[in-house]
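# Observations on chain architecture
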Amino acid sequence: MPAYNIRGINVDFPFEAYPSQITYMDRVIESLQNKCHALLESPTGTGKTLCLLCATLAWRKSLGSFSTRKDRNNDSDPQMSQSGGYPTIVYASRTHSQLRQVIKELKRCSYRPKMLVLGSREQLCVNEEVNSLRGKALSNACHYLCKKRGKRQCNHFNRVPDYLKNNSHIGDEPVDIEDLVNIGKGSGPCPYYITREVHKDVDILFTPYNYLISNAYRKHLKVDWNSSVLIFDEAHNLEGICADSASFDLPSFHLSACITEAQECVELASARRGSLNDGSTNPENFAILKGLLLKLQELISKVPIPKRDEGFTKPGPYIYELLETLNITHETAPKLIVTVEEATVLLDEEKQRTGTNTGSKLEIIVDMLKLIFRENGSSHADVYRVHIQEHEQNPTDIVKGKVSRTLSWWCFNPGITMQDIAKKGVGTIILTSGTLSPMDSLAQELKLGFPIRLENPHVISSNQLWAGVVSAGPSGCVLNSSYRNRDVPEYKQELGNAIVNFSRVVPDGLLVFFPSYYLMDRCIAFWKDGSHRNSMTIWERICKLKKPVIEPKDSSLFPAAMLDFSKKLQDRSISGAVFFAVCRGKVSEGLDFADGAGRAVVITGLPYARVTDPKIKLKREFLDEQSQVSDVKRSTILSGSMWYSQEAARAVNQAIGRVIRHRHDYGAIIFCDDRFEQPSQQSKISLWIRPYVKCYPRYGEVISDLARFFRIERSNFPASLVTEQEYDIVSTLLPKVSTKDAPTPTDGNSNVKNAGLARNEVSRVEALPPANRASPSEFVKWKGLTILQRKSKMPRIVKGEVMQACSSVKAKLVEINDDETPVERTTCEVVDLECDKQTCQIASSNNCFNTMGLVKKRKIPESQGSGASSSVLKEKGSGGGGGDKKEASASAFLSQVKEKLNAEEYNKFIGYIQALKKKEIKIASVMESIVQLFYGKERDHLLMGFKDFVPVKYRSAYEECMKTTKRDAL
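Note that the structure is predicted; figures quoted are calculated from it, not measured.

### Regarding the overall build of the chain
Scanning the chain from N- to C-terminus turns up 37 helices and 26 strands. Put simply, the chain has 970 residues, and 54% of those count as buried. Pairs at least 24 apart in sequence give 75% of the contacts found in the chain among residues at least 6 apart. Looking at the chain as shown, the accessible area adds up to about 42600 Å², and 51% of this sits on carbon and sulfur atoms.

### Concerning the side chain of E239
With respect to the helices, strands and loops of the structure, E239 is situated in helix α13 (residues 238–245). Judged by its relative accessible area of 5%, E239 falls in the buried class. Apart from residues lying up to four places away in sequence, E239 is in contact with P414, L442, E445, L446, E647 and R650.

### Details of the sheet that holds strand β17 (residues 576–582)
On the basis of which strands lie adjacent, the open sheet formed by seven strands has the order β16-β17-β15-β18-β19-β14-β20 and parallel pairing. Either end of the sheet is taken by a strand with one partner, and the two such strands are β16 (547–550) and β20 (693–696). The average angle at which neighbouring strand axes cross in this sheet is 20 degrees, direction not considered. As paired strands, β16 and β17 are joined by four bridges and run parallel to one another. Residue pairing across strands places K547 opposite A577, the latter belonging to β17. Across the sheet, helix α23 (residues 517–528) is in contact with β15 (508–514), β16 and β17; its angle to β17 comes to roughly 135 degrees.

### Regarding the packing of aromatic side chains
Throughout the structure, instances matching the rule amount to 32 aromatic pairs. Between the aromatic rings of Y666 and F709, the centroid separation amounts to 6.4 Å while the plane-to-plane angle is 70 degrees, which identifies the pairing as edge-to-face. Here Y666 is found in the loop between α27 (640–656) and β19 (667–671), whereas its partner F709 is found in helix α29 (residues 699–716), with 43 residues between them in sequence. Considered together, Y666 and F709 belong to a single accessibility category, that of buried residues. Here F709 and F710 contribute two aromatic rings whose centre-to-centre distance is 5.0 Å and whose plane-to-plane angle is 75 degrees, an arrangement assigned as edge-to-face. Here F710 falls in the buried class, since its relative accessible area comes to 2%. Among the aromatic residues, those joined into a cluster by ring pairs are F893, F909, F934, F946, F949 and Y958. Between K314 and the ring centre of Y318, over which it is positioned, the NZ or CZ distance is 5.9 Å. Against the face of W539 rests K528, its NZ or CZ located 4.9 Å from the ring centre.

### Considering unusual backbone geometry
You will see that R7, though not glycine, has its phi angle at about 55 degrees, which is positive. Locating R7 in the fold gives a position in the loop between β1 (3–6) and β2 (9–12). Notably, E234 is not glycine yet its phi reads approximately 50 degrees, a positive angle. Inspection of the secondary structure puts E234 in the loop between β7 (229–232) and α13.

### Side note on the sheet that holds strand β9 (residues 312–315)
Ordered in space as β8-β11-β10-β9, the four strands form an open sheet in which the pairing is antiparallel. Each edge of the sheet is formed by a strand with only one pairing partner; in this case those strands are β8 (248–251) and β9. With strand direction ignored, the average angle separating the axes of adjacent strands in the sheet is 10 degrees. Direction of pairing for strand β10 (residues 384–390) relative to strand β11 (residues 405–411): antiparallel, over a ladder of seven bridges. Bridged to H387 within β11 is S408. Where helix α15 (residues 283–302) meets the sheet, its contacts fall on β8, β10 and β11, and the angle it forms with β11 comes to roughly 90 degrees.

### A few points about helix α21 (residues 439–446)
Residues spaced three or four apart along an α-helix face the same direction, because each turn holds 3.6 residues. Taking burial as the measure, the eight residues of α21 include six buried ones, the bulk of the element. Of the residues trailing α21, K447 is marked for its positive phi of about 55 degrees.

### Considering the pattern of salt bridges
Within the structure shown, the criterion is met by 37 salt bridges. Measuring nitrogen to oxygen at the nearest pair gives 2.3 Å for the salt bridge that ties D571 to K547. Taken as a pair, D571 in the loop between α25 (558–570) and β17 and K547 in strand β16 lie far apart in primary sequence, 24 residues in all. With a closest N to O distance of 2.8 Å, D705 and R708 form a salt bridge. Here D705 pairs with R708, and both are found in helix α29, just three residues apart, close to one helical turn. With a relative accessible area of 17%, D705 lands in the buried category. For R708, a relative accessible area of 38% corresponds to the partly exposed category.

### Some words on the nonpolar core
Of all hydrophobic cores here, the largest spans 123 residues; its most connected members are F206, F232, L238, L431, F909 and F934. Those residues in contact with F232, other than ones at most four positions away along the chain, are A92, Y209, L212, I213, L238, M418, I421, I429, I430, L431 and T432.

### Here we look at helix α17 (residues 333–354)
Here α17 contains 22 residues, and its C-alpha end-to-end distance of 32 Å stays within 8% of the 32 Å for a straight helix at 1.5 Å per residue. What α17 keeps buried is the set A333, L336, I337, T339, V340, A343, T344, L346, L347, D348, E350 and K351.

### Focus: the packing of helix α9 (residues 177–184) against helix α10 (residues 191–198)
Where α9 contacts α10, the two axes come as close as 8 Å, and the packing angle between them is 115 degrees. The segment α9 lies against α10, with L180, V181, I183 and G184 engaging P191, I194 and T195. Considered class by class, the residues forming the contact of α9 with α10 number five nonpolar, two polar and no charged.

### Details of the environment of H662
Its location among the elements puts H662 in the loop between α27 and β19. When sequence neighbours within four positions are dropped, the list of residues in contact with H662 reads G45, I460, A594 and D595. Side-chain polar atoms of H662 contact the side chain of D595, separated by 2.7 Å.

### Thoughts on the environment of P208
Summarising the element assignment, P208 is placed in strand β6 (residues 204–208). With 88 residues separating them along the chain, P208 and S120 place their C-alpha atoms 9.6 Å apart. When neighbours within four sequence positions are excluded, P208 is seen to be in contact with A92, S93, R94, H96, L99 and L118.

### Quick notes on the state of the cysteines
In a disulfide, the sulfur atoms of two cysteines are covalently bonded to one another. Throughout the structure, instances matching the rule amount to zero disulfides. In this structure C51 is not part of a disulfide, and its nearest cysteine sulfur, from C54, lies 7.1 Å away. Its relative accessible area of 1% is what places C51 among the buried residues.

### Digging into the pairing of β19
Within β19, five of the five residues are buried, leaving the element largely enclosed by the surrounding structure. In terms of strand pairing, strand β14 (residues 465–470) meets β19 through five bridges, oriented parallel. Residue W466 lies in a different strand from β19, and its bridge partner there is A668. Looking at chain direction, strand β18 (residues 600–603) and β19 are connected through four bridges and run parallel. The residue bridging V602 from the neighbouring strand is I670, located in β19.

Reading the values: rules and limits
Residues numbered from 1 in each chain as written. Predicted model: local features only at pLDDT ≥ 70, side-chain atom pairs only at ≥ 80, totals over all residues. Heavy atoms only, no water. Helix = DSSP H or I, 4+ residues; strand = E, 2+ residues; numbered from the N terminus. Buried < 20%, exposed > 50% of the residue type's maximum accessible area, 1.4 Å probe, protein only. Contact = heavy atoms within 4.5 Å. Areas by Shrake-Rupley, 256 points an atom, 1.4 Å probe, with all protein chains shown as cover. Pairing = 2+ DSSP bridges. Axes fitted to C-alpha atoms, helices over the stretch in contact; angles between N-to-C directions. Phe/Tyr/Trp six-rings, centres within 6.5 Å; stacked < 30°, edge-to-face > 60°. Lys NZ or Arg CZ within 6 Å of the ring centre and 35° of its normal. Salt bridge = Lys/Arg side-chain N within 4 Å of Asp/Glu carboxyl O. Core = buried A, V, L, I, M, F, W, Y, C linked by side-chain atoms within 4.5 Å. Expected span 1.5 Å × (residues − 1). Nonpolar A, V, L, I, M, F, W, Y, C, P; charged D, E, K, R; others polar. Polar contact = N/O pair within 3.5 Å; in protein donor to acceptor, adjacent residues only side chain to side chain. Disulfide = S-S within 2.5 Å.

Laid out in structure tokens, this is it:
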């Protein structure tokens, strides 16, 4: 494993690091050594997570060995925190699925710190009696069962002390949520309470954001914050998450539900007191609660709102005036909170008894009161605004005479959350993501100094990315989605025609991002409208080229949309799928559209938030007020307009980050708005993309350049789509076959079936028809060959003017070079994969056709001369020899690998083999990585099976690698 000395720290890294990866690790170590905060941007696919883990753990190891806190107390060091232990590392990401990926990266490191991942009861509870509950209902049920000492108690909870006593090694090896749940299944200990105990003594703790950002959750963490290291991964939306966690919205229908629940509590408490003689709950307290909520509802409904669009706004401290009229103050609020919490427990017990799993709406009141009446008084209210918004009434409310309003208390300084964390004595806070730019607004919003900043380049080559600004469409009409232009029919027509052409040029997956749902819906409706055309609609032309999927507004429908997109990508009867989505939507946030799933991203405009939105308007006013009273230079302070434009830019950067997902990926970014020509807009695009951006004054140049880009890249990466480059892997795994043993097809039907896997690998665009043409040209050129496409006929590959009859099966062929040695070609006639009577004329070169229906060129030893062709033809009739068996063996092994590995691991395996084939990584590193990937009780057969494909001279090294991995695991 390579080692790098960075700032005096020896960093073990699983692979040979790229310069950008070393730079990234350097910045991480610099911030840790200097105890200062850092903003680190590194594009997706650059190994950011692995670099972050290796650098941080190498620095931590330099302070002292990884061990329990008790052992660390024996290790004196000036950098030890006041409590006697070394700094704790807390690694936070937005979701558990993201943390799962991080822990997989940890397994690839050589470092083995004491670790643990935190989860909620919903994720970790294994008690079948209550784990179907959600939220506070589950928490209350858990507390109830853990306190009981009778028939109804949690046996999983009772087994925790003995388990921890006998298994002190828990966390010495990387464990995920699933691993912890498996420990508790059946009759095991409670995973949730295992994490509650073990997290106190770990070197690195993995947690979702809310455990750090929420003050209520943070109080329950038993972490020594002094000199600790906090890492926020995927931090591009961190300021928004911080602000939202410190704010609340109370709609009328929620408040009405709370009043109903309070009345229900009065009835339940009265019934218990009467029948069970249970005086633990006082119905009078719940009656008082109901009365307060009714008065609050009345107060909100009577607030004067002159203009419904603007609503009612007051400074943040007004919330205390409003609640004081209900006698809710800092003195009385704690008692009220206890009453509401008792009410939620009472409701949850009743719902558990009746088998109802719905949560209690009264929890909203608890959260609201805890936000308003914080432990440190009311000084934080100055960065808030009170807002009451009136909504359109539904028919039921109109009949009842009710007004639909929402009481909001919005935090406009997300820095208060980060400042609370920093005040605990945290040593270093690192924010990292693939898209943090623009960084100035983020730093000012979080109110922390970030002296160390990095905008890293990508590890891809310059020819793997195409980026262009398309200022006008096919007819020369300007593309601009601004408020004044977005509803103009000519604009929508021009944008639609442009997307038709992009659908024709871009292979496989195309992502089209709109600034808003409104604009997406209006454009698609216009494209479907047939009243403005004489032939096919724009939508019909798009559908003929790519199958469409539209991002739903309802997030619950999103998984189905993703599944639909995946299925349509797999459909080889058409040239891919197009996903119409929205900036800041689900598609733009953290999803992996690698390889053929996202060959190009189209940005149709700048996603500015709605100016009239009350929250946006108040945020801009707040920042402008702050800039007026600030002592900082006016040019550097964040104004409302600066924040507004930079938020739009960050949303664009997040969307275009879908296109390049790993080192071997390639794709295009198409900016379809003339405002991206402005230097001020380009300066906000992620730094690694800026050098690639080219402005195109004419639309025709865009299409020809795009066509050329994909034609070249698809020849460089010939099988990188839905087939996951399995053919490349087969050819790499197979030991080199001599000319004499060259495999040739023996079964025509199987050849045709396999050839279908590579259909889209032929570039179908040399000269494209205009957007209003429904079908592409019959003749397509590719790598000097001409493909004649005919209905009900198999496409023919011809050289020059040579043409020959073909069979009646439609397929396409791909030519792959598996050797960099130049090969002389003179003639190559049609190859018919179905008819085994077809002959192939070969002169001065040796072409053989394998069972995938791909043409492979191989260098011909001079000693064989022209006689090689005859030997190949003889083998064709004889059945193919040993080469077919080896290829079949490789295909079978790949099937086993795909079955045992998950999708991410399988893609890594593919990447290792490809990198080896392209000589980008040493075979020793590949063998070590694959052994780690295949290590495990259920994967031993993969370890042994792969050895058959390792060249003989490297097998001893491979076996030694296996032994070392097994020894390290003990």
